[in-house]
Amino acid sequence: MAIAMSRAIKRSNCFHESGEKNPCHISSNPYMIGFGITQLLFSQIPDFDQIWWLSIVAAVMSFTYSSIGLGLGVAKVADNGTIGGSFTGISIGTVTQAQKIWRSFQALGNIAFAYSFSIILIEIQDTVKSPPSEAKTMKKATLISTSVTTLFYMLCGCMGYAAFGDRSPGNLLTGFGFYNPYWLLDIANAAIVIHLVGAYQVYCQPLFAFVEKYAAEKWPENKLIAKDIKIPVPFFPPYNLNLFRLAWRSGFVILTTVISMLLPFFNDVVGILGAFGFWPLTVYFPIEMYTAQKKIEKWSSRWICLQMLSVACLIISVAAAAGSIAGVVLDLKVYRPFKTSY
C-alpha cells in the first residue's frame, strides 16, 4: 500500500500538470525498491520497545489521512447534492453477479486484516508500565482503539461510497476518485506512506524477536548469533550490531519486497492475509485461552456462545479467502511480472 501511495503522489502531480488529460502511467518498481531500502534500515532497530516513537508517528499519520479522506468524502457529497449508491451495494450491470459476490468476500478479508492486531498485543503489553496492571491498561487501550478505528473506517467507507456510488474506486486516495485539491491528496498519501513504514515494523518486530530468540536458544555457542559488535554512534549510545540479526532481517525484508513486486495486488493480497490471520490469531486462540483461564465448562451457555462466535468467524475467513484468491486469479490473467504500471 505504501508503494501505491508513493506512486499516487507522482500521478496526482502529473494529473495536475497535464490538466487531467495525461493517463500518467507510472511503474511501481522504483517505489517498491525504495520502500524496501527504508525497511532495511529500520529493521535493524534491535527491540520492539525502541520503536515506540515510530508507532506514535504512525498513529498521527493514520489520523491525518483518515481525516482528509473523510473530509473529501463529505465535501464531494455536499458538492453532488445527493447521496450516491444504494443499501445493497454496487448494482448488477456495473459488475456481474459473480464479481459482486467475490468482491464482497474480498472486502470481508480487508476488514478482517484491519482487526488482526492481536499478534502484537502481548508485545505491546510487555512495554506497558504498572501500576495499574498491564491487563487493565491493555483492556482499556484496546476498547478505545478499536472503537475509534471502527468509527473512522465506517465513516470513510460510507462517505466514500456516498460520494461516488457505483464508481467508487477500491482506494479513495489512490484510485483517483478525487483529483483536487491535489496538494491535500499529496499530504494524505505521504501520511499513509509514513504510517505504513511504522506499521511494517510494528508487525514484523515480534516475528524478528521470535526467530532470534529461538536461534539463540538453539545455538547458544554460535558467535554469529550470540556476539554483538559495538559500533560507536556520535551523540548516541553505541549500536550493538549482531551479524545474525543483520543477515536474517535483511533477507526477510528483501524477500517481502520481491514478493510485493511479483504480486502488486493490494486489495486481494490484504484480503488473503486478513482471511488467513484473522480467525486463528484473533478469534480461535484467544477464545481457547480465555476458556481455559476462566475454566468455562463445556456446553455451558457461555461456552456455546464463544464457540458460535468462533465458527461464525471461521466461515467469514473462509469466504474472505475464497474471494481474495479469486481476485488474484483474475489479476494474474492480465499481469506480467515486474512490469506493473498504473
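Calculation rules
Residues numbered from 1 in each chain as written. Predicted model: local features only at pLDDT ≥ 70, side-chain atom pairs only at ≥ 80, totals over all residues. Heavy atoms only, no water. Helix = DSSP H or I, 4+ residues; strand = E, 2+ residues; numbered from the N terminus. Contact = heavy atoms within 4.5 Å. Areas by Shrake-Rupley, 256 points an atom, 1.4 Å probe, with all protein chains shown as cover. UniProt positions renumbered as here; feature names shortened; annotations may be inferred. Salt bridge = Lys/Arg side-chain N within 4 Å of Asp/Glu carboxyl O. Buried < 20%, exposed > 50% of the residue type's maximum accessible area, 1.4 Å probe, protein only. Axes fitted to C-alpha atoms, helices over the stretch in contact; angles between N-to-C directions. Parallel < 35°, antiparallel > 145°, perpendicular 65-115°, else oblique. Left-handed = near helix turned anticlockwise from the far one by under 90°. Nonpolar A, V, L, I, M, F, W, Y, C, P; charged D, E, K, R; others polar. Pairing = 2+ DSSP bridges. Phe/Tyr/Trp six-rings, centres within 6.5 Å; stacked < 30°, edge-to-face > 60°. Core = buried A, V, L, I, M, F, W, Y, C linked by side-chain atoms within 4.5 Å. Polar contact = N/O pair within 3.5 Å; in protein donor to acceptor, adjacent residues only side chain to side chain.

A.B. asks: Got a sec to walk through the overall build of the protein chain? Specific residues and values, please.
C.D. replies: Secondary structure summary: the protein chain contains 11 helices and two strands in total. Reading the protein chain from its N end, one meets helices and strands in the order α-α-α-α-α-α-α-α-β-β-α-α-α. Here the analysis covers contacts within the protein chain between residues at least 6 apart in sequence; of these, 74% occur between residues at least 24 apart. With an accessible surface of roughly 20,300 Å², the protein chain has 70% of that area assigned to carbon and sulfur atoms.

A.B. asks: Give me the side chain of Ser310: which residues, what numbers.
C.D. replies: Structurally, the position occupied by Ser310 is in helix H11 (residues 301–332). Not counting residues up to four positions away in its chain, the partners in contact with Ser310 are Trp279, Val283, Tyr284 and Ile287.

A.B. asks: Can you lay out the UniProt feature "transmembrane region" (unreviewed entry) in the protein chain for me, pointing to particular residues and giving the numbers?
C.D. replies: This chain's UniProt record puts "transmembrane region" (unreviewed entry) on residues 51–72, 101–122, 143–162, 182–203, 246–263, 269–287 and 308–330. Split by type, residues 101–122 is 73% helix and 0% strand. Its first and last C-alpha atoms lie 36 Å apart. Helix makes up 100% of residues 308–330 and strand makes up 0%, while its end C-alpha atoms are separated by 33 Å.

A.B. asks: Describe in detail the pattern of salt bridges, supporting the description with residues and values.
C.D. replies: Tallied over the entire structure, the rule returns one salt bridge. Glu212 serves as the salt-bridge partner of Arg249, at 2.6 Å between the closest nitrogen and oxygen. Highlighted residues: Arg249 in helix H9 (residues 243–262) and Glu212 in helix H7 (residues 182–218), separated in sequence by 37 residues. Grouping residues by exposure puts Arg249 and Glu212 together as buried.

A.B. asks: Summarise the packing of helix H2 (residues 29–42) against H7; cite the residues concerned and give the values.
C.D. replies: Interhelical geometry of H2 versus H7 gives an angle of 50° and a closest axis separation of 11 Å. One finds that H2 runs oblique with respect to H7. For the element pair H2 and H7, the recorded crossing hand is right-handed. Where H2 approaches H7, its residues Phe35, Thr38, Gln39 and Phe42 are matched on the opposing element by Leu196, Val197, Tyr200, Gln201 and Gln205. Taken together, the residues of the contact of H2 with H7 sort by class into five nonpolar, four polar and no charged.

A.B. asks: Tell me what's going on with the pairing of strand E1 (residues 228–233), and back it up with residues and numbers.
C.D. replies: In this sheet, strand E2 (residues 236–242) lies alongside E1 in antiparallel orientation, the contact comprising five bridges. Bridge assignment links Ile231 to a residue of E2, and that residue is Tyr239.

A.B. asks: Just give me the short version of the packing of aromatic side chains, but keep the residues and values in it.
C.D. replies: Across all of its chains, the model carries nine aromatic pairs by this definition. Centroid distance Trp102 to Phe105: 6.2 Å. Interplanar angle 75°. Geometry classified as edge-to-face. Remark: Phe105 and Trp102 occur in helix H4 (residues 97–114); sequence separation between them is three residues, near one turn of the helix. Of the residues examined, Phe105 reaches a relative accessible area of 28% and is grouped as partly exposed. The structure contains a cluster of three or more aromatic residues connected by ring pairs, namely Phe208, Trp248 and Phe252.

A.B. asks: Give a detailed account of the nonpolar core, specifying residues and quantitative values.
C.D. replies: Counting residues in hydrophobic clusters, the biggest one holds 11 residues: Phe35, Val197, Tyr200, Cys204, Phe208, Ala215, Ile225, Phe244, Trp248, Phe252 and Val253. Listing elements by their share of this core, those giving two or more residues are H7 and H9. The element contributing the most residues to this core is H7, with five residues. If we ignore the near neighbours within four places in the chain, the residues touching Phe208 are Ser43, Gln201, Trp248, Arg249 and Phe252.

A.B. asks: Any details on unusual backbone geometry? Residues and values, ideally.
C.D. replies: With a phi angle near 55°, Lys295 is a residue other than glycine that sits in the positive phi range. With respect to the helices, strands and loops of the structure, Lys295 is situated in the loop between helix H10 (266–294) and H11. On the basis of relative accessibility, which here comes to 69%, the residue Lys295 falls in the exposed class. Of note, Trp299 is a non-glycine position whose phi angle comes to about 70°, a positive value.

A.B. asks: Summarise the side chain of Thr291; cite the residues concerned and give the values.
C.D. replies: Secondary-structure assignment places Thr291 in helix H10. The exposure class assigned to Thr291 is buried, which follows from its relative accessible area of 10%. At 2.8 Å, the side chain of Thr291 forms a polar contact with the backbone oxygen of Ile287. When sequence neighbours within four positions are dropped, the list of residues in contact with Thr291 reads Ile296, Trp303 and Leu306.

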